[in-house]
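Structural overview for review
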Amino acid sequence: MRFDLEEIKNKILTDIRIQLILLILLTLFTGYIFLKPKKPEKPKTCFNTALKIWAPFDRDDFMSFLSPFASKYCLRIDYEKISFDDLEKKFIYSLAENNSPDIIYAPNFFVFRNKKYLEENWIKELNLSKKFFKEEIDSFGLPLNIDSLLFIYNKKIFQFLNYNPPQTLDELNEILKDFKNRGYKDIYLVSLGTKEIKNKKEIILVLKSLKNFSLEEAIDTYYSYSNESSPHFTLARNLGKDEISLFSSMKSASAFVFYEDLKEILKLNPKISYGISSNPIETFPPSSKNFVKVFYFVLPKASQKKEISLYFFKWLLNEKNFKDFIDKFDLIPNFPVENLSEEKEAFIKGTSFDSSYLEIISQENYSEFEKILNTWENNKEEGRRALYLLKLEF
């Protein structure tokens with residue numbers, strides 16, 4: 001059968017049925033090209049190994065958060081939940097056993113005390129954005145989140161008493177004097193001045209910086225608030241409760257707390273009406289230093305997987321992933337995140353007074369400070385002697 005090209009051409013140009021068939025075929029072909037399912041792309045990098053991470057977060061929550069990263073890079077996550085109290089001892093043991101983790105989430109005092117075992121300057125490869133808080137050990141780790149000491153108060157109680165939240169230590173002392181004269185017996189105005197207070201060491205250090213006190217004067221000032229003969233008496237001794245339980249049960253109308261404490265308060269009493277104020281032991285312009293906590297991801301020198309760890313940090317610092325991390329574990333970010341709550345913004349502002357007391361809290365004998373304070377409360381002279389013998393240099 002012989003085909004005449006001219007005849008075929010004329011048929012196409014004049015026969016509408018042929019034109020429709022060709023149009024349908026062209027449409028189907030075009031649709032196939034653009035709509036055909038794409039084969040899943042293999043990751044550019046596939047490690048097929050395990051990455052060992054230590055952190056204090058819930059295992060299920062942390063593994064769930066890391067799942068996309070692990071899948072993307074063909075990794076098994078060997079995760080161990082370790083509290084900060086146990087971290088340093090376990091880390092030293094792991095080095096002795098040649099079984100170091102690859103990544104550790106740690107507070108700043110751990111980083112400071114263990115600098116010789118940690119990689120330095122690797123964060124330069126991450127091109128970090130501006131941090132809210134910067135300290136001298138930032139070159140040893142990634143400072144992900146922060147916390148600061150702030151003043152919280154029960155709005156309803158303060159309104160009933162017709163008090164505004166104090167902005168300075170002098171204002172706090174004035175309302176304490178007025179409160180004592182009113183003679184209330186079933187409530188305390190502020191959790192302050194006893195050995196039960198969870199944050200007493202941090203409060204004492206800030207008091208010391210406020211007035212250029214000696215450490216002895218700062219301790220005396222702190223305990224004066226539990227002295228019933230003091231015009232600034234605020235809280236009876238030996239109640240057996242800390243500021244978290246006192247505030248949540250509305251036995252105390254205010255307290256000095258960190259964000260992590262506020263979360264505990266809201267677990268105990270989700271309906272409590274509270275406000276957050278600038279710390280009355282700060283002043284403006286600043287004459288004192290607030291107490292700031294900083295938390296890092298660090299790389300032990302003993303790890304053999306630094307390249308993989310850097311992939312993790314780059315993944316983590318992706319804007320969406322970092323926000324998910326902050327939200328999932330309810331942390332105060334050290335890098336800008338959109339749509340933060342007013343509470344978190346307040347605690348970020350609290351870091352602007354610029355101190356973590358790093359050299360102080362990193363001292364080997366800092367843990368003994370608690371014992372000194374408990375001795376001091378019961379016997380001031382014995383407390384002074386213990387302070388002298390321990391030679392804490394604050």
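These notes cover the structure that comes with them. Sequence order as written defines the numbering, with residues in each chain counted from 1. Two thresholds apply to this predicted model, a pLDDT of at least 70 for residue-level local features and 80 or more for giving and counting side-chain atom pairs, whereas whole-chain, interface and lining totals are computed over all residues. Side-chain measures here rest on the full set of heavy atoms in the structure, leaving out hydrogens and waters.

Turning next to the overall build of the protein. Working definition: helices are DSSP H or I runs of at least four residues, strands are E runs of at least two. Numbering for both runs from the N terminus. A tally of regular secondary structure across the protein gives 17 helices and nine strands. Should any heavy atoms of two residues lie within 4.5 Å, those residues are counted as being in contact. Expressed as a percentage of contacts within the protein between residues at least 6 apart in sequence, the contacts between residues at least 24 apart total 75%. In this description, accessible areas are obtained by the Shrake-Rupley approach with a 1.4 Å probe, and a residue is regarded as covered only by the protein chains that are shown. Counting only carbon and sulfur atoms, one obtains 52% of the accessible surface of the protein, whose full area is about 21,600 Å².

What follows deals with the pattern of salt bridges. Salt bridges are defined as contacts in which a side-chain nitrogen from Lys or Arg sits within 4 Å of a carboxyl oxygen from Asp or Glu. Scanning all chains against the criterion turns up 21 salt bridges. Notably, a salt bridge pairs Lys-131 with Asp-138, separated by 3.8 Å at the nearest N-O pair. As far as burial versus exposure is concerned, Lys-131 and Asp-138 are alike and both buried. Several salt bridges share partner residues, and in doing so they unite Glu-216, Asp-220, Lys-380, Glu-381 and Arg-384 into one network. Buried means the residue's accessible area, taken with a 1.4 Å probe over protein chains only, is under 20% of the maximum for its type, while exposed means over 50%, and partly exposed covers the values in between.

Counting buried positions over the eleven residues of helix H8 (residues 200-210) gives eleven, a clear majority of the element. Among all positions of H8, only Lys-200, Lys-201, Glu-202, Ile-203, Ile-204, Leu-205, Val-206, Leu-207, Lys-208, Ser-209 and Leu-210 are buried. Those residues of H8 that are buried lie in contact with helix H7 (169-182), helix H9 (215-224), strand S6 (254-257), strand S8 (292-298), helix H15 (358-361) and helix H16 (369-378). In the stretch just after H8, Asn-212 is the one whose phi turns positive, near 55 degrees.

Next up on the list: the sheet that holds strand S1 (residues 49-55). The strand order across the open sheet built from six strands is S2-S1-S3-S8-S4-S9, with neighbouring strands paired in mixed fashion. Every other strand in the sheet has two partners, leaving strand S2 (75-81) and strand S9 (332-333) as the edge strands with one partner each. Think of it this way: DSSP has to see at least two bridges between two strands before they count as a pair. Bridge count between strand S4 (residues 141-148) and S9: two bridges; the pairing is antiparallel. Across the sheet, the residue bridging to Ile-146 is Ile-332, located in S9.

Below, the discussion takes up the packing of H8 against H16. Orientation of H8 relative to H16, taken along the N-to-C sense of each, is 85 degrees, at an axis distance of 10 Å. The pairing of H8 with H16 is recorded here as roughly perpendicular in orientation. Contacts between H8 and H16 involve Lys-200, Lys-201 and Ile-204 from the former and Phe-369, Glu-370, Leu-373 and Asn-374 from the latter. All amino acids are sorted into three groups, where Ala, Val, Leu, Ile, Met, Phe, Trp, Tyr, Cys and Pro are nonpolar, Asp, Glu, Lys and Arg are charged, and the leftover types, Gly among them, are polar. Looking at side-chain class alone, the contact of H8 with H16 contains three nonpolar, one polar and three charged residues. For helices, the fitted axis covers only the stretch in contact; all axes are lines through C-alpha atoms, and the angles between them, taken along N-to-C directions, range from 0 to 180 degrees. With respect to orientation, any angle under 35 degrees is reported as roughly parallel, any angle over 145 as roughly antiparallel, any angle of 65 to 115 as roughly perpendicular, and every other angle as oblique.

Together, Ile-24, Leu-25 and Leu-28 line one region of the surface with nonpolar side chains, adding up to about 320 Å² of accessible area. Here Leu-28 shows up in helix H2 (residues 16-35). Patch members must show over 30% relative accessible area and no salt bridge, and they are joined within 9 Å when carrying like charges or within 5 Å when they are nonpolar side chains of Val, Leu, Ile, Met, Phe, Trp or Tyr.

A word on the state of the cysteines. The disulfide criterion used throughout: a pair of cysteine sulfur atoms within 2.5 Å. One pass over the structure, following the stated rule, counts one disulfide. The disulfide partner of Cys-46 is Cys-74, and the gap between their sulfur atoms is 1.8 Å. For the disulfide bridge between Cys-46 and Cys-74, the dihedral angle about the S-S bond is near -115 degrees, and by the sign convention the bridge is left-handed. One end of the pair, Cys-46, is in the loop between H2 and S1; the other, Cys-74, is in the loop between helix H3 (59-72) and S2, with 28 residues separating them in the sequence. You can call Cys-46 partly exposed: its relative accessible area is 38%. Look at Cys-74 and you get partly exposed, because its relative accessible area is 21%.

What follows covers the environment of Val-257. By the secondary structure assignment, Val-257 is in strand S6. The contact partners of Val-257, leaving out residues within four places of it in the chain, are Ser-148, Leu-149, Leu-150, Ile-152, Asn-199, Glu-243, Ile-265 and Phe-347.

A word on the sheet that holds S6. Spatial strand order, S6-S5-S7: three strands in an open sheet with antiparallel pairing. Only two strands of the sheet have a single partner each, and these edge strands are S6 and strand S7 (274-277). Averaged over all pairs of adjacent strands, the angle between strand axes in this sheet comes to 25 degrees, irrespective of strand direction. In the sheet, strand S5 (residues 150-154) pairs with S7 via four bridges, with the strands oriented antiparallel. Within S7, the position partnered with Phe-151 by the bridge is Ser-277. Taken strand by strand, helix H14 (residues 342-350) contacts S5, S6 and S7, and its axis lies near 25 degrees from that of S7.

Turning our attention to H14. Every buried residue of H14 is accounted for by Lys-344, Phe-347, Ile-348 and Gly-350. Down the axis, H14 shows its buried residues gathered within 155 degrees of arc, on one side only. Along H14, exposed side chains directed more than 90 degrees from the buried face belong to Glu-342 and Lys-349. By arc we mean the arc of the directions from the helix axis to the C-beta atoms, nothing more.

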